[in-house]
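Chain residues, written in single-letter form:
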Amino acid sequence: MADLALAGRGPGLWQPRRILFWAIVIPIGYAVFYHLPFVVFPAAGWTLAAPVAWLPTNLIMAALITWLILRLDPFEKEPASLLWGCAIWGGTAATLAVLPNRAFLELLVAVGGTELSEKWGPAIAGPLTEEWLKGIGILLIMLLCRTHLQRTLDGFILGAATGLGFQVVENLSYAYTSALNDPNSDWTGAIAVSLSRVLVGATSHWVYSALVGYGLGYAITQVQLPWQRRIAVAGLGVLGGWAVHFLWNSPWLADLGLLSLIPKMIIVGLFVWLMYRVPARREFAWFRDQLAGEPPQTITPDELEDLRTLGNRRRARRLVRGIAGGAGERGVQTLHQAQIDLAVALGNLDNPNRDRDARRARLLISEARAELDRIVPPNRRS
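Each chain carries its own residue numbering, running from 1 in the written order of its sequence. The predicted nature of this model means local features are confined to residues of pLDDT at least 70 and side-chain atom pairs, given and counted, to a pLDDT of 80 or more, with totals for whole chains, interfaces and linings taken over all residues. With hydrogens and water set aside, each side-chain value is computed from the structure's full complement of heavy atoms.

**Observations regarding the overall build of the protein chain**
- Strands are runs of DSSP state E lasting at least two residues, helices are runs of H or I lasting at least four, and both sets are numbered from the N terminus onward. Across its full length, the protein chain holds 15 helices and 0 strands.
- Principal-axis analysis of the C-alpha atoms gives the protein chain an extent of 75 × 45 × 35 Å.
- Accessibility here uses a 1.4 Å probe with only protein chains present; expressed as a share of the type maximum, an area under 20% marks a residue as buried, one over 50% as exposed, and anything in between as partly exposed. Scored against the burial criterion, the 382 residues of the protein chain give a buried share of 47%.
- Only heavy atoms matter for contacts: two residues are in contact if any of them lie within 4.5 Å across the pair. Pairs at least 24 residues apart make up 79% of the contacts formed inside the protein chain by residues separated by at least 6 positions.
- When the accessible surface of the protein chain is split by element, carbon and sulfur atoms take 66% of a total near 18,900 Å².
- Charged side chains in the protein chain number 35 positive and 29 negative. The centres of these two groups are separated by 5 Å. Computed with a 1.4 Å probe, the accessible areas rest on the Shrake-Rupley method; for each residue, only the protein chains presented here act as cover. When charges are counted, Lys and Arg are positive and Asp and Glu negative, with His and the chain ends excluded. Taken as the charge location is NZ of Lys, CZ of Arg, CG of Asp or CD of Glu.

And the structure:
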């Protein structure tokens, strides 16, 4: 079978000859050496309970959210270096946000007193400082790796990765704070807050930053549209991330205690899901347009529908597996992947190897189809 080796869209995050690369690396280095130590070893004191409680819970949370992020784009996956770079920047932002957050809270005390700062401080200071810090990194990484950014959904995913990095590092600081302030024991405070932060992690920073990334991704990728519209959508994306963050930190329904988190989680989750549906639909439209005019030997209407969603692909594989076992299922998966690779190659207008990649993809489709037809006749797959 042909070896499909797409040339890709260009270099990943490692581009030391570009100024943008150092604009990303220098703040990360500064945060690692001058800010992160104060998160890992806070001035208020160090306790083993905090990292021990934080590590396993956040590993599980990060694994689950990463699994979800990787499934958000059903067609082209982002390079691992971009996702790692965004996550590291997010962790960097979590350490850098400490000082401006503190300054905002002090300003609120000066303007409206301690009560205003305690009640509304987290809702005002957190979104204003944290979403901008995360957004700067998202924008820099997008501009540095522009050749990998083709559609709005790419920005949504990179934003989500950035927010996840922020979330994980911030949770460590919360574990320390709760451990050192708990009247019973360090372990009680650290375990309680670590578990609670993980349980509400489904609607935390990764979804706020996904909205910011959505807006920035729209502005960068939709170059065929007027710049005023692109800037407006970017602003709405940033405002959306700020708004859901504000809602989450606000004292709304505070009288309900922990129960107030339930309606907040529902509202934030539904809002982000609806926002995701817009680029997700455009993603399939892009895929369909790339393969428009291709003959049935390349892709049939039924196969195009099978590729619309990950669920459709699973159903198509299960159908063939029931007829021909694992070999048939692998044959369908190989065919689907080759058809996706063809769409990616055709859509990569900036790639000088575009025609070569498209030829390789078509060859792989031909070979995969022949092998699948040998295992399962076409009339039995419909």
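**Quick look at the pattern of salt bridges**
- A pairing counts as a salt bridge when a side-chain nitrogen of Lys or Arg comes within 4 Å of a carboxyl oxygen of Asp or Glu. A full pass over the atoms with the stated rule returns 12 salt bridges.
- Residues participating in the shared-partner salt-bridge network are Asp-73, Glu-76, Arg-151 and Glu-283.

**Quick look at the environment of Gly-135**
- Note that Gly-135 resides in helix H6 (residues 114-144).
- It is 9.2 Å that separates the C-alpha atoms of Gly-135 and Gly-90, two residues lying 45 residues apart in sequence.
- Not counting residues within four places of it along the chain, the set of residues in contact with Gly-135 comprises Val-212 and Leu-216.

**Comments concerning the packing of aromatic side chains**
- When two rings of Phe, Tyr or Trp (its six-membered ring) have centres within 6.5 Å they constitute a pair, described as stacked for plane angles under 30 degrees, edge-to-face for angles over 60, and tilted for the intermediate range. Within this structure, the stated rule accounts for 10 aromatic pairs.
- Between Trp-120 and Phe-246, the ring centres sit 6.0 Å apart and the planes meet at 20 degrees, which makes this aromatic pair stacked. With Trp-120 in helix H6 and Phe-246 in helix H10 (residues 227-249), this residue pair connects regions lying 126 residues apart in the sequence.
- For Trp-120, a relative accessible area of 30% puts it in the partly exposed group.
- Members of the aromatic cluster, each reached through a chain of ring pairs, are Phe-75, Phe-284, Trp-286 and Phe-287.

**Some remarks on the side chain of Glu-283**
- With respect to the element layout, Glu-283 can be found in helix H11 (residues 261-290).
- Two N or O atoms count as a polar contact when they lie within 3.5 Å, although within protein this holds only if one can serve as hydrogen donor and the other as acceptor, and sequence-adjacent residues are included solely when both atoms are side-chain atoms. Reaching out from Glu-283, the side chain makes a polar contact with the side chain of Arg-151 at a distance of 2.8 Å.
- Setting aside residues up to four positions removed in sequence, Glu-283 forms contacts with Asp-73, Pro-74, Phe-75, Arg-151 and Leu-153.

**A short note on the packing of helix H9 (residues 205-221) against H10**
- Axis definition: a line fitted to C-alpha atoms, limited for helices to the stretch in contact. Angles are taken between N-to-C directions and run from 0 to 180 degrees. Following both chains from N to C, one finds H9 and H10 inclined at 175 degrees, their axes separated by 7 Å at the closest point. Taken together, the axes of H9 and H10 are roughly antiparallel relative to one another. Facing His-205, Tyr-208, Leu-211, Val-212, Tyr-214, Gly-215, Leu-216, Tyr-218, Ala-219 and Ile-220 of H9, the residues of H10 in contact are Arg-229, Arg-230, Val-233, Ala-234, Gly-237, Val-238, Gly-240, Gly-241, Val-244, His-245 and Trp-248.
- In the contact of H9 with H10, the residues fall into 13 nonpolar, 6 polar and 2 charged. What sets the label is the angle itself: under 35 degrees gives roughly parallel, over 145 gives roughly antiparallel, 65 to 115 gives roughly perpendicular, and the rest give oblique. Each residue is assigned to one of three groups, with Ala, Val, Leu, Ile, Met, Phe, Trp, Tyr, Cys and Pro labelled nonpolar, Asp, Glu, Lys and Arg labelled charged, and all others, Gly among them, labelled polar.

**Observations regarding unusual backbone geometry**
- In this structure, Leu-253 takes a positive phi of about 60 degrees despite not being glycine.
- Within the fold, Leu-253 resides in the loop between H10 and H11.
- Leu-253 gets classed as partly exposed once you look at its relative accessible area, which sits at 29%.

**A short note on the packing of helix H7 (residues 152-181) against helix H8 (residues 186-199)**
- Their axes nearest at 7 Å, the elements H7 and H8 cross at an angle of 145 degrees. Every pair of crossing elements has a handedness; the one defined by H7 and H8 is right-handed. Contact residues: H7 offers Glu-170, Asn-171, Tyr-174, Ala-175, Ser-178, Ala-179 and Leu-180, while H8 offers Asp-186, Gly-189, Ala-190, Val-193, Ser-194 and Arg-197.
- Its residues assigned to classes, the contact of H7 with H8 comprises 6 nonpolar, 4 polar and 3 charged. Helix crossings get a hand from a simple test, with the near helix turned counterclockwise from the far one by less than a right angle marking a left-handed crossing and a clockwise turn marking a right-handed one.

**Remarks on a nonpolar patch on the surface**
- A cluster of nonpolar side chains, contributed by Phe-41, Trp-46, Leu-48, Val-52, Trp-187, Ile-191 and Leu-195, occupies part of the molecular surface with about 690 Å² of accessible area.
- No other element matches H8, which puts 3 residues into the nonpolar patch.
- Counting through the fold element by element, Phe-41 comes out in the loop between helix H2 (36-40) and helix H3 (49-71). Distance thresholds for patches are 9 Å for like charges and 5 Å for nonpolar side chains (Val, Leu, Ile, Met, Phe, Trp, Tyr), applied to residues having over 30% relative accessible area and no salt bridge.

**Some thoughts on H10**
- For H10, spanning 23 residues, the distance from its first C-alpha to its last is 33 Å, which sits close to the expected 33 Å at 1.5 Å a residue.
- Of all the residues in H10, the buried ones are Arg-230, Val-233, Ala-234, Gly-237, Val-238, Gly-240, Gly-241, Val-244, His-245, Leu-247 and Trp-248.
- Close packing links the buried residues of H10 with H6, H9 and H11. Expected helix span is given by 1.5 Å per residue-to-residue step, counting one fewer step than there are residues.

**Overview of the nonpolar core**
- Ile-24, Ile-69, Met-142, Phe-156, Leu-158, Leu-164 and Trp-206 are the most contacted members of the largest nonpolar core, which totals 63 residues.
- When near neighbours in sequence (up to four residues on either side) are disregarded, Phe-156 contacts Leu-72, Ala-210, Gly-213, Tyr-214, Val-272 and Tyr-276.
- Put simply, buried Ala, Val, Leu, Ile, Met, Phe, Trp, Tyr and Cys residues joined by side-chain atoms within 4.5 Å make one nonpolar core. The next biggest cluster of nonpolar side chains, apart from the first, holds 25 residues, and it includes Phe-75, Ile-299, Ala-361 and Ala-368.

**A word on the environment of Ala-44**
- Among the structural elements, Ala-44 can be located in the loop between H2 and H3.
- Looking at Ala-44, the relative accessible area reads 68%, which means it is exposed.

**Points about the state of the cysteines**
- In plain terms, two cysteine sulfur atoms within 2.5 Å form what is called a disulfide here. Applying the stated criterion across every chain yields a total of 0 disulfides.
- Of all cysteine sulfurs in the structure, the one in Cys-145 sits closest to Cys-86, which takes part in no disulfide; the separation is 8.3 Å.

**Some details on a positive patch on the surface**
- A contiguous patch of positive charge, built from Arg-71, Lys-77, Arg-314, Arg-315 and Arg-318, is present on the exposed surface.
- Considering every element that reaches the positive patch, the biggest residue donor is helix H13 (residues 310-347), with 3 residues.
- One can find Arg-318 in helix H13.

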